[in-house]
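Structure at a glance
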Amino acid sequence: MKRTLPFISPVKDSTQSATHRDMYDKSLDLYSEDKYVEAFHTLLDYFNPEFRGKYGNNDGTEFHLPHGSIIVNIRIEGDSLYIDADFLNLPEKGRVAMLRQVADMNINRLLLPRFVKDGDRLKMEYHCLLSESHPHKIFGVLQNICRVGDKYDDEFCTKFGATRCYEPQITPYPTETIDRIYDAVQTLGNTTLAAVKEYNEQRRYGYSWNVLDTAFYQISYFAHPQGQLANDLDKAVDDMDEELPVAELVMKGTSFLQKLLATPKEKIAEDLYFVDTLVSPKGPSSLQNIQENMKDVYEEATAAMQAQDYERAAVRICYKFYEAYFYNDMQDDLNAIMVKALKESSEHSMDEAADILWTALDKIMEGEIESEEDSDMDLSGLMDNPAAQQMMEQANAAAVAMQQKMTEAMAGNEIQELQQKMTEAMSRGDMTEYMRLVGEMQQKMMGGLFK
């Protein structure tokens, strides 16, 4: 593999979580004050501040909240809280097999909520007293219902022939976006398969595993699919972590990618749409959790860069960046750093790409996440203002004068002697003496500048 995988722009520029941590803390405070209804309302605001007004009644006692392909119904009645979500209509054939799996999910997938059968319809439900509706517990209940419902309804429709209780509220991608995504999957997929073939011939199965998994993460990143395609990608990623020989994992991953490339555009388009979600399937990112997750790869990539093993560094950092998007709603400041690096290193030679990617990873690990917009001032508007332009010219003249004084100060024997002492302190590893000399030089130079 001579060059890195191509970068494909995602359908969603911002991947930042919609949740508001301060609302969650406020909800906890309200609950501790026995303000149970207000605590629940504030918990909904934590998920998305627009949902209460958009999907609730005027009294704030009834909500019908869409999440992917299901709708979560919530009502406050008296001193109780009721939560339920229709799952699927049972099929005529395959009903018994589906009910067996549902019974297993009641034990192994659902926690506090439960599947219940209402005629030919299955639903998930949970209720409790408002006094028992601690925000942490209700968060878990809603998360559990949303993740199980949105994941398994597509799977059960495909596997057992079950039908939806209603059509999900979706906005399909525009035709041109679908065409772009389909073409991108073909390009990325074929490039990945060519790289895997090359690595397999060299028996470098670890590299094959990395580029395959990176491709699965990347498709999820730029296509942002829903429905069965999202489930299939999840399963492909899970399968790559099975306890099997790496060569066998590579074979399974290759088979999945080949099958995906053979899928007609119309079939893929069925799972390309925008939809409201109550609970994100991913976790909100933080600088700390991203740093902790990337620590091992940072050390590995740094060692590879020092050994001039640029291919290893580039492949591993690409993998780790796309993996971070797969599991996290990436905050905007981190997203800006990672996207810039992925774009600039796209389809570059391994030595060029490794330098770009490692520099971005080093920024993240050092906590230098100021966005490009913050650091690069746009001066075009200032230059149209005569007063501002005059201030800029004056500042520039002052800077030139200061630079001249600094040059004169640096020419002095005293400064040269300090520089020599600093070099000697650094060479023997005496950082205490070095920093003392730095401070002394600064004082002497500033004294000379302002005489």
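Computed from a predicted model, the values in this text were never measured in an experiment. (Residues numbered from 1 in each chain as written. Predicted model: local features only at pLDDT ≥ 70, side-chain atom pairs only at ≥ 80, totals over all residues. Heavy atoms only, no water.)

This brings us to the overall build of the protein chain. Across its full length, the protein chain carries 18 helices and nine strands. Counting all 451 residues of the protein chain, 44% fall into the buried class. Pairs at least 24 residues apart make up 73% of the contacts formed inside the protein chain by residues separated by at least 6 positions. Counting only carbon and sulfur atoms, one obtains 50% of the accessible surface of the protein chain, whose full area is about 23,900 Å². (Helix = DSSP H or I, 4+ residues; strand = E, 2+ residues; numbered from the N terminus. Buried < 20%, exposed > 50% of the residue type's maximum accessible area, 1.4 Å probe, protein only. Contact = heavy atoms within 4.5 Å. Areas by Shrake-Rupley, 256 points an atom, 1.4 Å probe, with all protein chains shown as cover.)

Read across the sheet, five strands follow the order β1-β2-β3-β5-β4 without closing on themselves; strand pairing throughout is antiparallel. In this open sheet, the two edge strands, each paired with only one partner strand, are β1 (62-67) and β4 (114-118). Averaged over all neighbouring strand pairs, the angle between strand axes comes to 25°, with direction disregarded. One ladder, built from six bridges, connects strand β2 (residues 70-77) with strand β3 (residues 80-89); its direction is antiparallel. (Pairing = 2+ DSSP bridges. Axes fitted to C-alpha atoms, helices over the stretch in contact; angles between N-to-C directions.)

This part is about the confidence of the model for the protein chain. Counting all residues, the mean pLDDT for the protein chain is 86, and 82% of those residues have values of 70 or more. Taking the mean pLDDT of every element in the protein chain, the minimum, 43, falls on helix α15 (residues 372-375) and the maximum, 98, on helix α9 (residues 246-262). Low pLDDT (under 50) marks residues 371-403, which in the prediction has ten contacts with non-local residues, meaning those over four places away or in another chain. (pLDDT = per-residue confidence, 0-100.)

On to the packing of helix α6 (residues 175-201) against helix α7 (residues 205-223). Between α6 and α7, whose axes approach to 8 Å, the crossing angle comes to 175°. Of the possible angle classes, the one that applies to α6 and α7 is roughly antiparallel. When α6 is examined against α7, the residues I181, A184, V185, L188, T192, V196, Y199 and N200 are found in contact with a partner set consisting of Y205, Y207, S208, V211, L212, A215, Q218, I219, F222 and A223. Residue classes in the contact of α6 with α7 are distributed as 14 nonpolar, four polar and no charged. (Parallel < 35°, antiparallel > 145°, perpendicular 65-115°, else oblique. Nonpolar A, V, L, I, M, F, W, Y, C, P; charged D, E, K, R; others polar.)

The full count for this structure, using the stated rule, is 21 salt bridges. Ionic pairing is found between K197 and E201, a salt bridge with its closest N-O pair at 2.7 Å. One end of the pair, K197, and the other, E201, are both in helix α6, four residues apart, so they sit about a helical turn from each other. Each of E92, R95 and D120 takes part in a single network of salt bridges with overlapping partners. (Salt bridge = Lys/Arg side-chain N within 4 Å of Asp/Glu carboxyl O.)

Here the focus is the pairing of strand β5 (residues 121-129). When β3 meets β5, the two strands line up antiparallel, connected through nine bridges. In the strand pairing of β5, L81 is matched with C128. Where β4 and β5 come together, five bridges link them in antiparallel fashion. Within β5, the position partnered with D118 by the bridge is R121. In this antiparallel pair of consecutive strands, β4 and β5, the connection spans two residues, and G119 shows a positive phi of 70°.

For the structure on display, the rule yields 23 aromatic pairs. With a centroid separation of 5.3 Å and 85° between ring planes, the pair formed by F216 and F256 is classed as edge-to-face. Separated by 40 residues along the polypeptide, F216 in helix α7 and F256 in helix α9 bring together distant segments of the chain. For the ring pair Y221 and Y325, a centre distance of 4.6 Å and an interplane angle of 50° mean the geometry is tilted. Within this pair, whereas Y221 is found in helix α7, its partner Y325 is found in helix α12 (residues 310-327), the two being separated by 104 residues in sequence. Ring-pair connections join several aromatic residues into one group, and the members of that group are F87, F115, Y152, F156 and F160. Looking at R75, its charged tip hangs above the ring of Y82, at a distance of 4.2 Å from the centre. (Phe/Tyr/Trp six-rings, centres within 6.5 Å; stacked < 30°, edge-to-face > 60°. Lys NZ or Arg CZ within 6 Å of the ring centre and 35° of its normal.)

Another aspect to go through is the nonpolar core. Formed by 73 residues in total, the largest nonpolar core has its most connected members in F216, I219, F222, F321 and L357. Only α6, α7, α8 (227-239), α9, α11 (287-306), α12, α13 (332-345) and α14 (350-366) provide two or more residues apiece to this core. Leaving out residues up to four positions away in the same chain, F222 has contacts with I8, S9, P10, V11, I181, A184, V185 and L188. Counting 43 residues, the second largest nonpolar core, distinct from the first, contains I74, A85, C146 and F160. (Core = buried A, V, L, I, M, F, W, Y, C linked by side-chain atoms within 4.5 Å.)

Counted at 1.5 Å a residue, the expected span for α13 with its 14 residues is 20 Å, and the 20 Å between its end C-alpha atoms agrees. Of all the positions in α13, only L334, N335, I337, M338, V339, A341, L342 and S345 are classed as buried. Buried residues in α13 make contact with α7, α11, α12 and α14. Following α13 by one or two positions, E347 has its phi on the positive side, about 55°. (Expected span 1.5 Å × (residues − 1).)

This part takes up α12. Helical periodicity: at 3.6 residues per turn, an α-helix aligns residues three or four positions apart in one direction. Its 18 residues place the ends of α12 26 Å apart at the C-alpha level, agreeing with the 26 Å of an ideal helix rising 1.5 Å per residue. Counting buried positions over the 18 residues of α12 gives 15, a clear majority of the element.

The next thing to look at is the packing of α6 against α9. At a minimum axis separation of 10 Å, α6 and α9 run at an interaxial angle of 150°. By the criterion of interaxial angle, the relationship of α6 to α9 is roughly antiparallel. Between α6 and α9 lies a crossing of left-handed hand. Residues Y182, V185, Q186, G189, N190, T192, L193, V196 and N200 of α6 touch α9, and the partners they reach there are V250, T254, L257, Q258, L260 and L261. (Left-handed = near helix turned anticlockwise from the far one by under 90°.)

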